[in-house]
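Residue-level structural notes
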Amino acid sequence: MRPAAGRLLLAGAVVVLVWVAGLAAAWVLTPQVGDMDGRIAARLGAHGAGDPHSLPNPDRVGQALVATEDSRFFSHHGVDPQGALRGLIGTVTGNELAGGATLDQQLAKVVYTPGRDGLAAKLEQIVLGVKIDHAYSKWEILQAYLASVYFGHGYFGLDAAARGYFGLAPAELDWAQASLVAGLVQAPSAYDPVLHLGLAKQRQRQVLDRLVATGVLTVTQAQTAYAAPLGLIR
């Protein structure tokens, strides 16, 4: 083995060991997640939003969210190894667009580490994501995420967003409305459809493209949804 290759392997081994040690320490230091419902209720209460447990089935929004944010959501256990590595590299290099956080980790960030960034917070979110995945069903995790995230224009939680933007319950949203709302979580203020409809429509197109790529919609169905009126309340 060439010296350069040996040094590269050694460096890789050191990185892996540090990574494993960091995760082990984070597992011990991070809280348990049995209080997640209470934390979500407190978050919504602080913003004058409703009870997360009253949410009806957010079927279309849920499918659009999974297709766009975490297409392997139903097959992983809280962490996507490739995505986690990309996210950590992005944190170290300052390229947050590298992303890769699962919905479980995004939920952990919102509920357990709000306002915190950096490598330590990222490690904690990964561990909390695994804990959340083991403690709750996939449906409960998806519902909790949709109940707690910010959708722009002062709307916290899907129920507030659906009623605020369209005057409808979440389960009543059509594909045009659901794809628009699901796209807001990436940058809720920038994509606020009341203030920045053009940007919101661009993001809606990306969500619809992901729904086609994951086999949820056909190309024709996506085109129809994109062209459909949104019925926004202004």
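Residues numbered from 1 in each chain as written. Predicted model: local features only at pLDDT ≥ 70, side-chain atom pairs only at ≥ 80, totals over all residues. Heavy atoms only, no water.

**Some remarks on the pattern of salt bridges**
Condition: A carboxyl oxygen of Asp or Glu within 4 Å of a side-chain nitrogen of Lys or Arg is what we treat as a salt bridge. Partly exposed residues are those whose accessible area sits between 20% and 50% of the maximum for their type, while under 20% is buried and over 50% is exposed, using a 1.4 Å probe and protein chains only. Working definition: helices are DSSP H or I runs of at least four residues, strands are E runs of at least two. Numbering for both runs from the N terminus.
Across all of its chains, the model carries six salt bridges by this definition. The closest approach of N and O atoms between Asp-133 and Lys-138, which form a salt bridge, is 2.7 Å. Lys-138 matches Asp-133 in its accessibility class, with the two residues each being buried. One salt bridge in this structure joins Arg-163 and Asp-159, with 3.1 Å as the shortest N-O distance. With Arg-163 and Asp-159 both in helix α8 (residues 158-166) and four residues apart, this pair spans about one turn of that helix. Judged by its relative accessible area of 44%, Arg-163 falls in the partly exposed class.

**With respect to the environment of Pro-229**
Within the fold, Pro-229 resides in the segment after α11 (219-227). Taking the C-alpha atoms as reference, Pro-229 lies 7.5 Å from Ala-176; in sequence the two are 53 residues apart.

**Overview of the packing of aromatic side chains**
Selection rule: We call Phe, Tyr and Trp rings a pair once their centres come within 6.5 Å, taking the six-membered ring for Trp, and we label the pair stacked below 30 degrees between planes, edge-to-face above 60, and tilted otherwise.
According to the stated counting rule, one finds four aromatic pairs in the structure shown. Note on Phe-73 and Phe-74: the rings are 4.9 Å apart at their centroids and 75 degrees apart in plane angle, and the pair reads as edge-to-face. On the basis of relative accessibility, which here comes to 0%, the residue Phe-73 falls in the buried class. Classification of Phe-74 by relative accessible area gives exposed; the value is 55%. Judged by centre distance (4.5 Å) and plane angle (35 degrees), the ring pair of Tyr-150 and Phe-156 falls under tilted. The exposure class of Tyr-150 is partly exposed, given its relative accessible area of 24%. Among the residues examined, Phe-156 registers a relative accessible area of 16% and is labelled buried.

**Some details on the environment of Leu-107**
Test applied: Whether two residues are in contact is decided by their heavy atoms: any pair within 4.5 Å suffices.
You can see Leu-107 is positioned in helix α5 (residues 103-111). Put simply, Leu-107 and Leu-146 are 39 residues apart on the chain and 9.0 Å apart in space, counted from C-alpha to C-alpha. Not counting chain neighbours up to four residues away, the residues in contact with Leu-107 comprise Met-36, Tyr-112, Ile-132, Ile-141, Ala-144, Tyr-145 and Ser-148.

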